[in-house]
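# Secondary and tertiary structure notes
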Amino acid sequence: MHILIEKYEPGNMRMLAASVVLVLCMIIFYINIGQTIEPESYVGHICLIVVALCLVQYATGQNLFSLSCLPHVLVGISWCITFPLLYFWSYHTTWFVAETRMDFLFGLGMFVLLIASEALCFLHKGQAKWIAWLFSCLDILCLGIPFAESTYYLLFQHCLTPSTLMALYLTSPRESIDFLQSNFTGLCLFAIAVGAALLLTAAYVCNRRVGRQIIANHSNRRKKWILLVLSVAMLVYVPFFLFPETSIIMNWKDVSAHVHETQKYSTHYMERLQDLRLTTDTTLAQKAPGTVIMVIGESASRNYMKAYTPSVPYDNTPWLEKCMQNPYFTVFHNVYSSWVQTVPVLERALTEESQYNDKEFIESTSLIDVAKKAGYETYWFSNQGRYGQYDSAITLVAKTADHAEWTDDAYELSNQFDETLLQFLPFVDATKNNFIVLHLMGSHIYYHNRYPENFEKWKSGDNASTEEAYANSTLYTDYILSQIYQYARDNMNLQAMVYYSDHGEDLHISHNPDAFRFDMVRIPMFVYLSENYRQAYPLQAATLEHNENQFFTNDMIYDTVCGILNAPSNHYDAGQDFSSQEYRFEKQDLTTMLGQKKLTEDPYLTGTKD
């Protein structure tokens, strides 16, 4: 520190003061939004930061608060404050300073790295113009993550969370495009591009000015060595030690670890299958041979379905309304999803894991396993892709079926309409006992992409509005369900058909856990039971009809389908089986959002919905 205060030079003292002021401002910021911790937890780090800030100012001759340093300061401050501040605004609660300390260190470390390495390049190369452009581009690049976090908050009034990052981790390029289309107009994207260009130009002007000043000053050898040491130290310390510990990256690492953990599901599959033991000798396959179909919908909310909500101005569920009058169908009126994203929901619906037990996915038996043990040939037909770099929990279960097909067999969302699933049904041997899962694209955003042109029944202008497009996609799903049922009844000796949606939808938000609305979890569900089924198992049929208006969450689908198959086992809970008289849940006992929200909080039930 003696270098900075030798002879008490006013310029050096101003540099020290600027460093102290910046760090104090950051401390005050963190104290206001963070939890109090002992001084020894951060004093050492703060002292090191002050020294580094003073040294870089001394070696470059640039004051922290000068216009020339503005682009690099903006990068540093953005990383320091973005996640902690957005977290505080989202949850209205304090964050642990000890955990966001890395954001603080990384942000200021980035500033030191950028200004020191830039100055070193100017002194050794002298190509001020190209170096200024290079570091201006680096400034814009380094602002990418804080910008994305801030943009997300502006869209959803919530910070990025592991749940959102999980969806991002498992998403595909095509789904990303749909997300951008649904949240950003062309004009908005153009404005962002123009803003980035203007910011890049402003950064270049500042960095060019720094270059001229540094080259003109002809820094002495001691200052060059200081810049070299700072650059090398920060080049190692900032990206390799600090960056992996920042809040956003720690959340991403948690998501990555979870995805890798789910891969263990396949490793111990045979052990779980061998451990599964049915406790009956007369399953549905023996007593009423034939086909059982489970259809999984996508983003269907009963709030926007005419059959459930008569006030909806679109007649978008004509077939389902007929089913409500059909004695072989039971249409349930109070079903909710357990979460608002597909993978966490189906991870539970397809296995014995639920909100109400302590089962882990990688240790859980699936419906495919149970159907195999119950005497069925198993099929999985999907119009949704095998998400992401790694198989999702859904795909891991799907691959255990005797036959698994995807409409385009791609690792991304399909752009084909759901009717392409119908092509698989004729290849199923109708003389066997078959358990078939059909996974629809349904009303997945972008709604305009989910139905053919001849189903665009509602369109007020050149293009259907969001509400009209969603109604059209719902109408199309209604048609697809009717075609599946009709074909299976006429050709496949259909004994039972179960339909439910993975989650619901809010037409203004889509389905985002960080902007939760109960529209996102209020889903449709019905069960069809044939005459043969009702004669073979009158108790299950009567119980399901009795529960028509009872409350249910779709993470209990596993046990319910086990009950419909009459396949109880050592991995079955009758208390979670909607077809069992032992079903134990009332409205006040049930939750959604993996236990975070009680169904009794639903404003539709309390009469507080606007």
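Check the entry above for the structure.
Before going into details, it helps to say that this report is about the structure given with it.

The rules behind the values
- Residue numbering note: each chain is counted from 1, following its sequence as written.
- In keeping with the predicted nature of the model, local features appear solely for residues at pLDDT of at least 70, side-chain atom pairs appear and are counted solely at 80 or more, and the whole-chain, interface and lining totals rest on all residues.
- Side-chain metrics rest on all non-hydrogen atoms present in the structure, leaving aside hydrogens and water.
- Counting from the N terminus, the helices are the DSSP runs of H or I reaching at least four residues and the strands are the DSSP runs of E reaching at least two.
- Here a helix's expected span is defined as the number of its residues, less one, multiplied by 1.5 Å.
- To sort residues, take the accessible area from a 1.4 Å probe on protein chains only and compare it with the maximum for the residue type: under 20% means buried, over 50% means exposed, and anything in between is partly exposed.
- Strands are treated as partners if at least two bridges between them are detected by DSSP.
- Only the stretch in contact is used when fitting a helix axis, every axis being a line fitted to C-alpha atoms; angles between N-to-C directions are given from 0 to 180 degrees.
- Oblique is the label for any angle not under 35 degrees, not over 145, and not in the 65 to 115 range, which are roughly parallel, roughly antiparallel and roughly perpendicular in turn.
- Two helices crossing with the near one rotated counterclockwise from the far one by less than a right angle form a left-handed crossing, whereas a clockwise rotation gives a right-handed crossing.
- Residue contacts are counted whenever heavy atoms from the two residues lie within 4.5 Å of one another.
- Gly falls in the polar group here, along with every residue not listed as nonpolar (Ala, Val, Leu, Ile, Met, Phe, Trp, Tyr, Cys, Pro) or charged (Asp, Glu, Lys, Arg).
- To qualify as a nonpolar core, a set must consist of buried Ala, Val, Leu, Ile, Met, Phe, Trp, Tyr and Cys residues joined through side-chain atoms within 4.5 Å.
- Here a pair means two rings of Phe, Tyr or Trp (six-membered ring of Trp) with centres within 6.5 Å. Their orientation is stacked below 30 degrees between planes, edge-to-face above 60, and tilted elsewhere.
- A residue counts toward a patch only above 30% relative accessible area and without a salt bridge, and it is joined to like-charged neighbours within 9 Å or, for Val, Leu, Ile, Met, Phe, Trp and Tyr, to nonpolar neighbours within 5 Å.
- Where accessible areas are quoted, they stem from the Shrake-Rupley method and a 1.4 Å probe; at the residue level, only the protein chains shown are allowed to cover.
- For this analysis, a salt bridge means a side-chain nitrogen from Lys or Arg found within 4 Å of a carboxyl oxygen belonging to Asp or Glu.

## Re helix H12 (residues 247–262)
In this model H12 runs 23 Å from its N-terminal to its C-terminal C-alpha over 16 residues, within 8% of the 22 Å that 1.5 Å per residue would give. The set of residues buried in H12 consists of Ser 247, Ile 248, Ile 249, Asn 251, Val 255, Ser 256, Val 259 and Thr 262.

## Section: the sheet that holds strand E4 (residues 329–336)
Paired through their backbone hydrogen bonds, the strands of a sheet run either parallel or antiparallel. Overall, mixed pairing links the eight strands, which are arranged E6-E5-E7-E3-E8-E9-E4-E10 in an open sheet. The sheet is open, and its two borders are formed by strand E6 (403–406) and strand E10 (551–553), each paired with just one other strand. When strand polarity is set aside, the average angle formed by the axes of neighbouring strands in this sheet is 20°. When strand E5 (residues 377–382) meets strand E7 (residues 434–439), the two strands line up parallel, connected through six bridges. Of the residues in E7, the one forming a bridge with Glu 377 is Asn 434.

## Quick word on the pairing of strand E8 (residues 494–501)
The element E8 is largely enclosed, with a buried count of eight among its eight residues. Across seven bridges, strand E3 (residues 291–297) lies against E8 in parallel orientation. Across the sheet, residue Gly 297 finds its bridge partner in E8, namely Ser 501. Both E8 and strand E9 (residues 522–529) contribute to a ladder of five bridges, which runs antiparallel. Each residue of the ladder has a partner; that of Ala 496, found in E9, is Leu 529.

## A few points about unusual backbone geometry
Between Ile 445 and the following residue, Tyr 446, the backbone shows a cis peptide bond with an omega angle of 25°. By secondary structure assignment, the location of Tyr 446 is in the loop between E7 and helix H20 (466–491). Here the phi dihedral of Asn 493 falls at roughly 55°; this positive angle occurs in a residue that is not glycine. Relative to the assigned elements, Asn 493 resides in the loop between H20 and E8. The class for Asn 493 is partly exposed, based on a relative accessible area of 38%.

## Regarding the packing of helix H4 (residues 70–91) against helix H6 (residues 128–142)
Taken N-terminus to C-terminus, the directions of H4 and H6 make an angle of 15°; their axes are 9 Å apart at the nearest point. Here H4 is positioned roughly parallel relative to H6, judged by the angle of their axes. The crossing of H4 and H6 is left-handed. Where H4 abuts H6, its residues Pro 71, His 72, Val 75 and Trp 79 lie against Phe 135, Asp 139 and Cys 142. Residues belonging to the contact of H4 with H6 are distributed by class as follows: five nonpolar, one polar and one charged.

## Remarks on the nonpolar core
Membership of the largest hydrophobic core comes to 136 residues, with the highest contact counts inside it found for Phe 104, Met 294, Trp 380 and Tyr 500. Ranked by the residues each element gives to this core, the list is headed by helix H5 (residues 97–125), at 16 residues. Every residue in contact with Met 294, bar those within four places of it in the chain, is listed here: Leu 350, Leu 367, Ile 436, Val 437, Leu 438, Val 498, Tyr 500, Ile 557 and Val 561.

## Some thoughts on the packing of aromatic side chains
Under the counting rule described, the total for this entry stands at 35 aromatic pairs. Ring centres of Tyr 356 and Phe 585 lie 4.7 Å apart, and the angle between their planes is 45°; on these two criteria the pair is classed as tilted. Of the two residues, Tyr 356 sits in the loop between helix H17 (342–349) and helix H18 (367–373) while Phe 585 sits in the loop between helix H23 (557–564) and strand E11 (591–592), which places them 229 residues apart along the sequence. Between Tyr 476 and Tyr 479, the ring centres sit 6.3 Å apart and the planes meet at 25°, which makes this aromatic pair stacked. Taken together, the positions of Tyr 476 and Tyr 479, both in helix H20 and three residues apart, correspond to about one turn of that helix. With a relative accessible area of 0%, Tyr 476 lands in the buried category. According to the relative accessible area criterion, Tyr 479 is partly exposed, its value standing at 31%. Linked through ring pairs, Trp 319, Phe 329, Tyr 485, Tyr 499, Phe 526 and Tyr 528 together constitute an aromatic cluster.

## Description of the side chain of His 158
Considering the arrangement of structural elements, one finds His 158 in the loop between helix H7 (144–156) and helix H8 (162–169). If we ignore the near neighbours within four places in the chain, the residues touching His 158 are Ser 90, Tyr 91, Tyr 152, Tyr 153 and Asp 514.

## Section: the pairing of E4
Of all eight residues making up E4, seven are buried, and the element is well covered by its neighbours. Pairing geometry for E4 and E9, over six bridges, is antiparallel. Looking at the pairing, Phe 332 lines up with Met 525 of E9. Bridge count for E4 against E10 is three bridges, and the pairing is parallel.

## Some words on the side chain of Gln 576
By the secondary structure assignment, Gln 576 is in the loop between H23 and E11. Residue class for Gln 576 comes out buried when judged on its relative accessible area of 1%. Not counting residues up to four positions away in its chain, the partners in contact with Gln 576 are Ser 354, Tyr 356, Asn 357, Phe 552, Met 556, Asp 559, Thr 560, Tyr 583, Arg 584 and Phe 585.

## Thoughts on a nonpolar patch on the surface
Taken together, the side chains of Trp 225, Leu 228, Val 229, Val 232, Val 236, Tyr 237, Phe 240 and Phe 241 define a hydrophobic patch exposed on the protein surface, amounting to about 830 Å² of accessible area. For Tyr 237, the location among the structural elements is in helix H11 (residues 221–242).

## Focus: the pattern of salt bridges
Tallied over the entire structure, the rule returns eleven salt bridges. Its salt-bridge partner being Asp 275, residue Arg 277 comes within 3.5 Å of it at the nearest N-O pair. Where Glu 456 meets Lys 459, a salt bridge forms, and the shortest distance between an N and an O atom there is 3.9 Å. Classification of Glu 456 by relative accessible area gives partly exposed; the value is 27%. Judged by relative accessible area, which is 42%, Lys 459 ranks as partly exposed.

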